[in-house]
Amino acid sequence: MSTSMEDVEKFLDGNPAFVQSYFNKKLSAATVASASGMPESQVDFDLFQELGQVEEAHVLFDLIKDMQESINMEKVVFKILQRISALIHADRCSLFMYRQRNGVAELATRLFNVTPDSVLEDCIVQPDSEIVYPLDLGIVGNVALTKKTVNIQDVSKSEHFSSFVDDLTEYKTRSILASPIQNGKDMVAVIMALNKTTGPHFTAEDEDLFLKYLKVASLNLKIFHLSYLHNCETRKGQLLLWSANKCFEELTDIERQFHKALYTVRAYLNCDRYSVGLLDMTKDKEFFDIWPVLMGEQPPYSGPVTPDGREVIFYKVIDYILHGKEDIKVIPNPTPDHWVLASGLPTYVAETGLICNLMNATSEEMFKFQTEPMDASGWTIKNVLCLPIVNKMEEIVGVATFYNRKDGKPFDEQDEDLMEALTQFLGWSALNTDTYDKMYKLENKKEIAQNMVLYHVKCRDDEIQKILKTREVFDREPCDCDEDELTQILKKELPGPKKFEIYEWRFSDLDCTELELVKCGLQMYYEVGVVKKFQVPQEVLVRFMYSVSKGYRKITYHNWRHGFNVGQTMFCLLTTGLLKRYYTDLEVMAMITAGFLHDIDHRGTNNLYQVKSGNPLAKLHGSSVMERHHLEFGKFLLEDESLNIYQNLHKRQIEHVLHLTDIAIIATDLALYFKKRTMFQKIVDLSKTYEDEKKWVEFMSLETTRKEIVMAMMMTACDLSVVTKPWEVQSKVALLVAAEFWEQGDLEKIVLEQQPIPMMDRNKAAELPKLQCGFIDFVCTFVYKEFSRFHPTITPMLDGLLNNRKEWKARQEEYEANIKVLESAAPGGNNPSGGSGSKTCTVC
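Residues numbered from 1 in each chain as written. Predicted model: local features only at pLDDT ≥ 70, side-chain atom pairs only at ≥ 80, totals over all residues. Heavy atoms only, no water.

> How do you make sense of the overall build of the protein when you look at a structure like this?
Helix and strand counts for the protein come out as 34 helices and 12 strands. When burial is assessed residue by residue, the protein has 47% of its 844 residues classed as buried. For the protein, long-range pairs separated by at least 24 residues make up 68% of all intrachain contacts whose partners lie at least 6 apart in sequence. Per element, the accessible surface of the protein, about 42800 Å² overall, is 53% carbon and sulfur. (Helix = DSSP H or I, 4+ residues; strand = E, 2+ residues; numbered from the N terminus. Buried < 20%, exposed > 50% of the residue type's maximum accessible area, 1.4 Å probe, protein only. Contact = heavy atoms within 4.5 Å. Areas by Shrake-Rupley, 256 points an atom, 1.4 Å probe, with all protein chains shown as cover.)

> Just checking my understanding: could you explain the pattern of salt bridges for this structure?
When the charged atoms of two side chains lie near each other, side chains of opposite charge can form a pair. Across all of its chains, the model carries 42 salt bridges by this definition. Residue Glu395 is joined to Lys283 by a salt bridge in which the shortest nitrogen-to-oxygen separation is 3.1 Å. Of this pair, Glu395 sits in the loop between strand S11 (384-390) and strand S12 (396-405) while Lys283 sits in the loop between strand S7 (271-279) and helix H12 (287-294), placing them 112 residues apart in sequence. Note on Glu395: relative accessible area 16%, which makes it buried. Taking the relative accessible area as the measure of exposure, Lys283 reaches 46% and is therefore partly exposed. Lys749 is paired through a salt bridge with Asp761; the nearest N and O atoms lie 3.2 Å apart. Taken together, the residues span a long stretch of sequence, with Lys749 in helix H32 (residues 727-750) and Asp761 in the loop between H32 and helix H33 (768-790) at a distance of 12 residues. Look at Asp761 and you get buried, because its relative accessible area is 3%. Residues joined by salt bridges that share partners form a network here, namely Arg99, Arg101, Glu106 and Glu130. (Salt bridge = Lys/Arg side-chain N within 4 Å of Asp/Glu carboxyl O.)

> Could you clarify how one ought to interpret the state of the cysteines in this entry?
Any covalent bond linking the sulfur atoms of two cysteines counts as a disulfide. Across all of its chains, the model carries zero disulfides by this definition. No disulfide involves Cys520; its sulfur sits 5.5 Å from the nearest other cysteine sulfur, which is in Cys512. (Disulfide = S-S within 2.5 Å.)

> What exactly am I supposed to notice about helix H6 (residues 73-87) here?
Turn by turn, an α-helix covers 3.6 residues, leaving residues three or four places apart pointing in a common direction. Spanning 15 residues, H6 covers 21 Å between terminal C-alpha atoms, matching the ideal 21 Å at 1.5 Å per step. Most of H6 sits inside the fold, with 11 of its 15 residues counted as buried. For H6, the complete set of buried residues consists of Met73, Glu74, Val76, Val77, Phe78, Ile80, Leu81, Gln82, Ile84, Ser85 and Ala86. His89, located one to two residues past H6, shows a positive phi value of around 60°. (Expected span 1.5 Å × (residues − 1).)

> Help me understand the side chain of Asn804 in this model?
Structurally, the position occupied by Asn804 is in helix H34 (residues 795-825). Of the residues examined, Asn804 reaches a relative accessible area of 0% and is grouped as buried. Those residues in contact with Asn804, other than ones at most four positions away along the chain, are Val723, Thr724, Lys725, Pro726, Trp727 and Gln730.

> So what exactly am I meant to see when it comes to helix H20 (residues 514-527) here?
For H20, spanning 14 residues, the distance from its first C-alpha to its last is 20 Å, which sits close to the expected 20 Å at 1.5 Å a residue. Every buried residue of H20 is accounted for by Leu517, Val518, Lys519, Cys520, Gly521, Leu522, Gln523, Met524 and Tyr525. Those residues of H20 that are buried are in contact with helix H18 (483-493), helix H19 (496-499), helix H21 (530-533), helix H22 (538-551), helix H23 (560-575) and helix H24 (585-597). The positive-phi residue at the C-terminal boundary of H20 is Gly529, with phi of around 75°.

> What's the story with the packing of aromatic side chains in this structure? I'm lost.
What describes a pair of aromatic rings is the distance from one ring centre to the other and the angle between the planes of the rings. In total, this model carries 28 aromatic pairs according to the counting rule given. With centroids separated by 6.2 Å and ring planes inclined at 45°, the aromatic side chains of Tyr525 and Phe596 adopt a geometry described as tilted. Here Tyr525 is found in helix H20, whereas its partner Phe596 is found in helix H24, with 71 residues between them in sequence. Within the aromatic cluster, the residues linked to one another by ring pairs are Tyr582, Phe680, Tyr690, Trp696, Phe699, Phe787 and Phe790. The residue whose ring lies beneath Arg677 is Phe782, and the NZ or CZ to ring-centre distance is 4.6 Å. (Phe/Tyr/Trp six-rings, centres within 6.5 Å; stacked < 30°, edge-to-face > 60°. Lys NZ or Arg CZ within 6 Å of the ring centre and 35° of its normal.)

> I'm lost on the sheet that holds S12 in this one. Help?
Reading across the sheet, the six strands line up as S9-S8-S7-S12-S11-S10 and stay open at both edges, with antiparallel pairing between neighbours. Edge positions in the sheet fall to strand S9 (327-332) and strand S10 (356-358), since each has one partner strand and no second. Taking each pair of neighbouring strands and ignoring which way they run, the sheet shows an average axis angle of 15°. Note: S7 against strand S8 (residues 314-321), seven bridges, orientation antiparallel. Its bridge partner being in S8, Val276 is matched across the sheet by Ile318. (Pairing = 2+ DSSP bridges. Axes fitted to C-alpha atoms, helices over the stretch in contact; angles between N-to-C directions.)

> I tried to follow the sheet that holds strand S6 (residues 186-196) on my own but got confused; where do I start?
Whenever strands of a sheet pair, they do so through backbone hydrogen bonds, lying parallel or antiparallel. Taken together, six strands build an open sheet; the order of strands is S3-S2-S1-S6-S5-S4 and the sheet is antiparallel. Strands at the two margins of the open sheet, each flanked by one partner only, are strand S3 (132-134) and strand S4 (150-152). Between one strand and the next, the sheet's axes are offset by a mean angle of 25°, whatever the strand orientation. As judged from the seven bridges shared by strand S1 (residues 90-101) and S6, these two strands associate in the antiparallel manner. By the bridge assignment, Ser94 is partnered in S6 with Met192. Here H6 sits on the sheet in contact with S1, strand S2 (104-114) and S6, set at roughly 145° to S1. Lying over the sheet, helix H8 (residues 138-146) contacts S1, S2, S3, S4, strand S5 (176-183) and S6, oriented at roughly 145° with respect to S6.

> What is the right way to look at the packing of H23 against H24 in this model?
Packed helix pairs are specified by the crossing angle of their axes together with the interaxial distance, meaning the distance between the axes. Close contact between H23 and H24 brings their axes to 7 Å; oriented N to C, the two are set at 155°. One finds that H23 runs roughly antiparallel with respect to H24. Seen from above, H23 lies across H24 with right-handed handedness. Side by side, H23 and H24 meet where Trp560, Gly563, Phe564, Val566, Gly567, Gln568, Met570, Phe571 and Leu574 of the first sit next to Val588, Met591, Ile592, Gly595 and Phe596 of the second. Residues that form the contact of H23 with H24 fall into these classes: 10 nonpolar, four polar and no charged. (Parallel < 35°, antiparallel > 145°, perpendicular 65-115°, else oblique. Left-handed = near helix turned anticlockwise from the far one by under 90°. Nonpolar A, V, L, I, M, F, W, Y, C, P; charged D, E, K, R; others polar.)

> What's the story with the nonpolar core in this structure? I'm lost.
Within soluble globular proteins, side chains that are nonpolar generally end up buried alongside one another. With 111 residues, the main nonpolar core has Tyr525, Ile645, Met714, Tyr784 and Phe787 as its most contacted residues. Among the elements that line this core, the one with the most residues is H33, at 10 residues. If we ignore the near neighbours within four places in the chain, the residues touching Ile645 are Tyr525, Val536, Val540, Leu541, Phe544, Met589, Thr593 and Leu638. With 29 residues, the next largest nonpolar core counts Phe78, Ile80, Val114 and Val216 among its residues. (Core = buried A, V, L, I, M, F, W, Y, C linked by side-chain atoms within 4.5 Å.)

> Got a minute to help me understand the side chain of Gln100 in this structure?
In this fold, Gln100 is placed in strand S1. There is a polar contact of 3.1 Å between the side chain of Gln100 and the side chain of Tyr98. (Polar contact = N/O pair within 3.5 Å; in protein donor to acceptor, adjacent residues only side chain to side chain.)

> Can you help me understand the pairing of S8 in this one?
A regular strand places its side chains so that they alternate between the two faces of the sheet. Extensive coverage of S8 is indicated by the burial of seven of its eight residues. When S8 meets S9, the two strands line up antiparallel, connected through six bridges. By the bridge assignment for S9, Lys316 is matched with Pro332. The antiparallel pairing of S8 with S9 creates a hairpin that spans five residues between the two strands, and Gly324 there sits at a positive phi of about 65°.

> Explanation requested: a nonpolar patch on the surface in the structure shown.
A surface patch of nonpolar side chains, about 710 Å² in accessible area, is lined by Phe287, Phe288, Ile290, Trp291, Leu294 and Met295. Position of Leu294 relative to the elements: it lies in helix H12. (Patch = residues over 30% accessible without salt bridge, like charges linked within 9 Å, V, L, I, M, F, W, Y side chains within 5 Å.)

This is the structure we're talking about:
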C-alpha cells in the first residue's frame, strides 16, 4: 500500500501530540547542523529549539512589550539587534545615529558589534570613543546619503567600501546588509549587519527578515527622535521666553541685559559651562591714536578684524560655571592669554562670523585648547560650540562659547539651532540698548541745546538792572534785597496804568520801546492783584517778563510787540470788558500769561509751511504745529526756577494753571476757530435768557467747560485785535502782517518751488485791500459781533473793526477803479498789477 504526501500531511494535522513527541525525539544539534550546513559546534541548540517553539508573533510581541516598558532607546534596539543577528546568522550588528555638526551631516556609532551573546554595556559607545562616518565615506555613509537599503555580497567589489574601521578594529568585513531609518524625510539612523556566519553572504530571505524586524526598531527610533526634537523645541521656547523677559527688563546696558538673560536660561542650555565675550564697537580711532602709526613710530594694526572692519578687541568676558557649584566670573579687559580667549576660537568666530562646533576640541590643530583641568574640580574641555552674537545691523557685538554637553555627547544640529536662536535674540535685543543709548544721548543733546537757548533768552543780571535797579539804589543784587525794597524800586520804574493807556481798546505799541512794553506787562500783573495774592517773587516776575520778550524772534510781525499786544488785549477784555467776573484771580493770571507767551519763538511762517518744508516741528507735533511749539517753549521757561512765576502755588493750582495755558495757546490756531464758533454763540444766546445778571455770573462762574470755551474765543479775539485798532495803527500793522506773508511766499517759491496763494504772493500786493475785506468778513466780524452781544462793554472793538473795513473797502474800490482806467487806456497791455510794487493801491 503506497502513502502519498497528502496522506502524511492529513495525519500530522490530525495528531498534533504525536508531532510534538516525534519532533522532540528526533531533533538534535547534529540534525540542525546537517540541515543548515553549520558546524555542529556553532549550533546553539537551546536557542534554536526556543525559536522553533515560539511563533514569530510572540517574538514581535515581546519586542513591543520591551519598547513599552523601557524608555531607554539603546536597550530596546540592542535586543532587536541581538534577535536579528541570531535570525539571519550575522556575525555582528551595529547602530549608527545620524546628526549634523557645522552644517555637515555625519553618522556616529551608538551600538557597536552587537551579537546574540553581547552585554549592553559593552556595546554602547561612549561619546569620546565614537567612530564617525562622513556621508561621503564608507558603505554605511552611502546608505544614509542615498536613503536606500543595500545587500553587499562582497565588499571588495563595492566602490563605496572603506577599510578604516577594519584597520582600526582588526576585523575583516566580507558582506554587509544595511538599511536607513527615517522619520518622514529626515534621516534618523542606519542599522548594519556584517558577515553571514552560515554562508558567503546574506540572502534575499535574510534581507526580508532583516527589514521585517527593522520596522520594530524603526518605530522605537522614530519615537526617540520625535521625543528628542520635542524636548529641543520645548527648551528653545522656554529659553527664548525667559531671555525675552529679562532682555526687556533691562534696557539701559547691554552687559546687564546679556548677563540677566544668559543667567536666567542656564537650565535650558544643557552644557557644563559657557562664556560670553563682548566686543569693542569702536570703528574709528581718535586722531591721537592714528598719529603714531602715520609718523612711523608704531606699526599699523595687522591683527584680526570683524567683517565690518573693527579690530577684534574683547573688552569684557563673563564666565558662567554650571558644573559643581554654580559661579559667575566677570573679567574686564581680559588679556589674550585668558583661557576663554587663549584657544583662538572666539577671535576666529568674531573675525569670520561662522558657527564652530568642535568634537574632541583639545585634539583640534587649528585651536589650542587647554588639555589640563581648568579648576580644582578636575573639569576639562571636551566639546565646544561657539557662535557670534549679531545685532540688527549685522554687526558682531560679542561671541558666546558653550562647553561640554551634559550627557557627554557632542553638540549637534539641534544644539546649534537652539544656541543660534538665543544668540540671535540677544543680538537683536541689543537694539533696545542701542535705542536707549541714542535716546539718552538725544536727551543730553536736548538738555545742552535747552541750556544754550536759556542762556541767550534768560534775563541776565545786567539786563534786570534796567528795571530792578538795585545796584544803583541799594548797591546790592536783587537776590540780596527783600520784597519791600524791590516794590519800592518798581513803583518808580513801572509806568502806571495811565501813561500808556493799558486799559484802553485803542492802545498802540508803536510809540513804545520794547523795554517799556515789558514794564507795561509787569504793571498788568499788579493791576489785577495777583503778585501779592499768589506770592510771586518780584525778581522772578521781572526776569520772566524780560525773558519772554527776548524769546520772541526779531521778525517782521510775530515778534514781542505782537505778543505784548495779545497780552494787553486779554488784560483789557478781563478788566475793561468785565469778563474777569467769571474767572478766579488765578485763572486771570494764567490767561494774561498765556497771552504774552502765545507766539513766543515764532519763525514768521505758518503751520502749513512747517509741514510742507519737513520742519522737525511738524514731525514732533501732529497738529497745531507752531501753537504747540509756543506752548512747549513757554513751559520750558517756566521750568526754570528763576523764571517760574507759579513757584509758590500748590500742586492743584499749578495743574489748573498749566491746563488753562494749554487750552489758551492751542486755541490761537485759526484752524480750530471754526470748531468753537457755534459753541460760543450758544453761550451768548444762553446769557440773554437770564434777566438777573448776578445769577448769570454765578452760573457761569461754576461752568468750567463754558468758561474754557469763552477763554478760547477771547484768545482768538486778542490774536486778531489789530483789526480793531484805530485806522492809523491798523493800516501800518496790516502792512507788517502782509510783509511777513510775502516773505513766506518768497520761501515757498525758492525752497518749495511752489506758487504761493495770493495772500502770500508779493506780486499781488495790490490786492491787499480786497484780501483784508475778505478776512474781516469771513473770520473777524463774527468774533467781535458776538462779544459785543455778550458784553456791550466790548462794543468799541466791533466799532473799530467796522470802521477799518470801510477804509479797506474804499481802497479796494479805488484800486478797482484805477484798474479799469488803466485797462481802458492800454487795451491788450500787460497786467497792471504785475511787478513787486503797486501803482494803483494807495496803501501799498
